[in-house]
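Notes for the structure review
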Amino acid sequence: MGYGGSIKDAGKAIGKSGDEGIDGTIKEDKLGLDIIYIQAKRWQQGNIVGRPEIHKFVGALAGQGAKKGIFITTSSFTKDALEFVPRNETKIVLIDGYKLAQLMIDYNLGVATQYVYEVKKIDSDYFEE
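Summary of the structure given here.

1. Things to note about the overall build of the chain
Within the chain, the secondary structure is distributed over five helices and seven strands. If you list the helices and strands of the chain from N to C, you get α-β-β-β-β-α-β-β-α-β-α-α. Taking the contacts inside the chain whose residues are at least 6 apart along the sequence as the reference set, 49% of them involve residues at least 24 apart.

Okay, structure coming up:
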């Protein structure tokens, strides 16, 4: 998506025991002047991410002194989670499974082309002779 230069240098996975609610980081620019923090939840369909999870993430961001975060889930968010807006300068983007799949398709990441269709039209010049 153009963050942080090369794919190798753009981000870093942190997610492990003791990660304090942060699973990874992305350099917002090539120089790494600003960092975006990521929380990712791989949940089964039907398990919906609620406001408490978002609230914990905001707390984790505050613990890092961070102002920007992305919360990604393979499922979806409750209405309360979607409506939650932190009362400080923190900005959070929520990405559900549908939006994640669309971003993967748009940026050709983790997907492969399976079929390509050609659409034909009549060449009217051919029939004018």
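2. Re unusual backbone geometry
Peptide bonds are mostly trans, and most non-glycine residues show a negative phi. At N108, a position not held by glycine, the phi torsion is positive, near 55 degrees. Looking at the element boundaries, N108 is found in the loop between helix 4 (97–106) and helix 5 (124–127). Classification of N108 as exposed rests on a relative accessible area of 56%.

3. Some words on the pairing of strand 3 (residues 35–41)
Strand direction decides the pairing type here: strand 2 (residues 24–27) and strand 3, joined by four bridges, are antiparallel. By the bridge assignment, K27 is partnered in strand 3 with I35. Where strand 3 meets strand 5 (residues 68–73), five bridges bridge the pair, whose relative direction is parallel. Considered in strand 5, the bridge of A40 is made with I72.

4. Here we look at the pattern of salt bridges
Overall, the coordinates contain seven salt bridges when judged by the stated rule. Residue E118 pairs with K120 through a salt bridge whose shortest N-O separation is 3.8 Å. When sorted by exposure, E118 lands in the same class as K120, which is exposed. Residues participating in the shared-partner salt-bridge network are E28, D34 and K68.

5. Some words on the pairing of strand 5
Direction of pairing for strand 5 relative to strand 7 (residues 91–95): parallel, over a ladder of five bridges. Looking at the pairing, I70 lines up with V93 of strand 7.

6. A look at the environment of I72
In this fold, I72 is placed in strand 5. The spatial distance from the C-alpha of I72 to the C-alpha of Q39 is 6.2 Å, given a sequence separation of 33 residues.

7. Quick look at the packing of aromatic side chains
Scanning all chains against the criterion turns up four aromatic pairs. Aromatic side chains F57 and F71 sit 5.7 Å apart centroid to centroid with 80 degrees between the ring planes, which places their arrangement in the edge-to-face category. One end of the pair, F57, is in helix 2 (residues 51–64); the other, F71, is in strand 5, and 14 residues separate them in sequence. Of the two residues, F57 and F71, neither departs from the other in class, the shared state being buried. A ring pair is formed by Y126 and F127, whose centres lie 5.0 Å apart and whose planes are at 90 degrees; its orientation type is edge-to-face.

8. Side note on the nonpolar core
In this structure, I22, I54, L61, F71 and F77 are the most contacted members of the largest nonpolar core, which totals 14 residues. It is helix 2 that contributes the most residues to this core, five residues altogether. Not counting residues up to four positions away in its chain, the partners in contact with F71 are Q39, K41, V49, E53, I54, F57, F77, V93, L94 and I95. Ranked by size, the runner-up nonpolar core spans five residues in total, among them I36, I38, I70 and I95.

Reading the values: the criteria
Residues numbered from 1 in each chain as written. Predicted model: local features only at pLDDT ≥ 70, side-chain atom pairs only at ≥ 80, totals over all residues. Heavy atoms only, no water. Helix = DSSP H or I, 4+ residues; strand = E, 2+ residues; numbered from the N terminus. Contact = heavy atoms within 4.5 Å. Buried < 20%, exposed > 50% of the residue type's maximum accessible area, 1.4 Å probe, protein only. Pairing = 2+ DSSP bridges. Salt bridge = Lys/Arg side-chain N within 4 Å of Asp/Glu carboxyl O. Phe/Tyr/Trp six-rings, centres within 6.5 Å; stacked < 30°, edge-to-face > 60°. Core = buried A, V, L, I, M, F, W, Y, C linked by side-chain atoms within 4.5 Å.

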